Structure formats: structure tokens, C-alpha cells
Amino acid sequence: MKEKNITTYALIEKYNINPRTINNLKHNKSITMYTLERLCNILDCNPNDIVKFEK
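This write-up is about the structure you can find in this document. The residue count restarts for each chain, going from 1 along the sequence in the order it is written. Local features in a predicted model are, by the rule used here, given only for residues with pLDDT of at least 70; side-chain atom pairs are given and counted only at 80 or more, and totals for whole chains, interfaces and linings are based on all residues. Only hydrogens and water are set aside when side-chain values are computed; all heavy atoms of the structure are taken into account.

### Concerning the environment of T8
Moving on, step 1. Examined against the element boundaries, T8 turns out to sit in helix α1 (residues 8-13).
Moving on, step 2. Think of it in three bands: residues with accessible area under 20% of the maximum for their type are buried, residues over 50% are exposed, and the middle band is partly exposed, with areas taken using a 1.4 Å probe on protein chains only. Looking at T8, the relative accessible area reads 26%, which means it is partly exposed.
Moving on, step 3. With 36 residues separating them along the chain, T8 and D44 place their C-alpha atoms 16 Å apart.
Moving on, step 4. Note on definitions: a residue-residue contact is assigned when non-hydrogen atoms from the two residues lie within 4.5 Å. Setting aside anything within four residues of it in sequence, one finds T8 in contact with M1, I22 and K26. For the purposes of this entry, the term helix denotes a DSSP run of H or I that reaches at least four residues, the term strand denotes a run of E that reaches at least two, and both are numbered from the N terminus.

### Some thoughts on the state of the cysteines
Moving on, step 1. The disulfide criterion used throughout: a pair of cysteine sulfur atoms within 2.5 Å. Enumeration over the complete set of coordinates arrives at 0 disulfides.
Moving on, step 2. Of all cysteine sulfurs, the one in C45 lies closest to C40, which takes part in no disulfide; the gap is 4.3 Å.
Moving on, step 3. A residue is classified by how much of its surface remains accessible, and C45, at 21% relative accessible area, is partly exposed.

The structure is reproduced here in C-alpha cells:
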């Protein structure tokens, strides 16, 4: 987000990302694939840039 100059506030207000979703991301909780796709489109990135899968 820093590289793209997009704030949490912008995600919520401009892109209509639910604040609960932001909270889930910050606390390593689950999000939907739809949300992941939206975030990737907004940030122009790949899913691996947002999430990390661990065993």
C-alpha cells in the first residue's frame, strides 16, 4: 500500500472495502477470494503480495 500511496482510509472510503475486512487482514484472519481479487486489482499486485500461506 505504501508503494501505491493508498491508505487504509482510501480502501474504505474510495474503494468501499469493509472496515472489518481491513481488520481481518491486520489480524491475520480470513478474507474471501473475492476480496483478495479486489485488493489485487486496486493495488495492481498478485495474491502472493498480500497473503502468505504457511503449513
